[in-house]
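Chain by chain, the residues run as shown.
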Amino acid sequence: MTDEVLERVRDLLPAIAERTRAAEEDRRLPAETVADLVSAGAFRMLQPKRYGGLESDPVRFYEVVREVSTVCGSSGWVLSILGVHPWHVGLFPGEAQDEVWARGPDALICSSYAPIGRLTAVEGGYLLSGRWGFASGCDHASWALLGGLVVGDEGRPVDFLSVLVPRADFQVLDVWDPVGLRGTGSNDIVVDKAFVPAHRIVRNYDVSQLRAPGREVNPGPLFALPFGAVFTTAVAAPVVGVVSGCYETYVSAMRDRVRLSLGGGRFVEDQGAQVAVARASSEIDAAVLQLDRNMTDLYDHAVRDAEIPMELRLRARRDQVRATERALAAIDLLFQSAGGNSLRRGNPIERAWRDAHAGSTHVANDPQRALVLYGMGAFSLPVEDTLV
């Protein structure tokens, strides 16, 4: 089935590419693109089998994400973000999963994990209020995963939680108008004193320690993987895919180009362009190879029910942010060597440059934070971070 999803998605790429301009203008994905990806089963690749999911090897999911991102960064980003959430929901108590997929396997879940929400304990659960930003694909979602803080009597946070909220309990504010990834519809979400029952809450610490309650009903290896690897790779894969697609477009477009400056001549005979292509392709290859290697090693440990060493978890985070850095280095080389033509609005190089840089601003793609954690681990210092 995983191979079938990839083939179906490849068949969709021309139509998704044609809708890219509409996605940018409307600042959200066209309903047709979302429907096509739903029909292809792309959003169910990391979903529990007991709810119609495929429980695929995550490497294959990220491959599909990269494929979509080659023709439309916004579509690849939304697929990756909404597509990773069924995996996270699979870590919630079984009762919460029953609610999310009560009407069928194709429920879409958006997120905003920043611990902005305030949770007040009441009988049977909590009251949640807050306003969250950057909820990609929220216009198409029937559920939202939101970050929240439990505040103690002295006004200090005592716990960090992720909560599940149905569409009836949140409002979408149309505020998304960015430079890049314009079609992701990453609008704000507002919740005002919504009741969240205890079974729709998980502690971030428990998830990071691989002790999520959902493992009782989802014992497969997919759900034994660390959030700090699965989710962060989901925000790196679209960036790498965007740049990979841009590289292919660049090489194809430049083959017949003749310079009008610097003495003229065929562009492909310029050594500077040749070096740029070599460097960019190497950066892209390195990014893909490291991302896939790490996820393969993590999944292999999970399949064998072996403990996942901290060294591997830290390596996965290190290489995930380096993959984003490598992708940006590649797109900058291509953008610069393409000359003034790369400045024209609407051409694939310009759009890819904007999308890649926009995706790199996600907190999980921050290299400083992740590389510091790796360095601490290498020096045998204690590392405590929920994104590892």
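Here, every reference points to the structure presented above.
As a starting point, this report considers the structure included with it. Everything numeric here is computed off the predicted structure, so don't read it as measured data. (Residues numbered from 1 in each chain as written. Predicted model: local features only at pLDDT ≥ 70, side-chain atom pairs only at ≥ 80, totals over all residues. Heavy atoms only, no water.)

Turning next to the side chain of H88. Relative to the elements of secondary structure, H88 occurs in helix α5 (residues 73-89). If we skip the residues at most four places from it in the chain, H88 touches Y113, L145, S162, V202 and F227. (Helix = DSSP H or I, 4+ residues; strand = E, 2+ residues; numbered from the N terminus. Contact = heavy atoms within 4.5 Å.)

Turning our attention to the sheet that holds strand β6 (residues 187-197). Pairing in this open sheet of 7 strands is mixed, and the strands run β5-β6-β2-β1-β3-β4-β7 from one edge to the other. Edge positions in the sheet fall to β5 (171-173) and β7 (201-203), since each of these pairs with one other strand and no more. Taking the axes of each pair of neighbouring strands and ignoring which way they run, one obtains an average angle of 25° across the sheet. Bridge analysis of strand β2 (residues 125-135) against β6 gives 8 bridges, and the strand direction is antiparallel. Bridge pairing in β6 places W132 opposite I189. This element, α5, spans β1 (109-122), β3 (143-151), β4 (157-166) and β7 of the sheet and lies at about 40° to β1. (Pairing = 2+ DSSP bridges. Axes fitted to C-alpha atoms, helices over the stretch in contact; angles between N-to-C directions.)

Before going further, it helps to spend a moment on the pairing of β3. β3 sits mainly inside the fold: 8 of its 9 residues count as buried. Where β1 and β3 come together, 7 bridges link them in parallel fashion. Paired with G117 across the strands is G148, a residue of β3. As defined by bridge partners, β3 adjoins β4 across 9 bridges and the pair is classed as antiparallel. The residue bridging W143 from the neighbouring strand is P166, located in β4. Where β3 folds back on β4, the antiparallel hairpin that results is connected by 5 residues, among which G155 adopts a positive phi of roughly 85°. (Buried < 20%, exposed > 50% of the residue type's maximum accessible area, 1.4 Å probe, protein only.)

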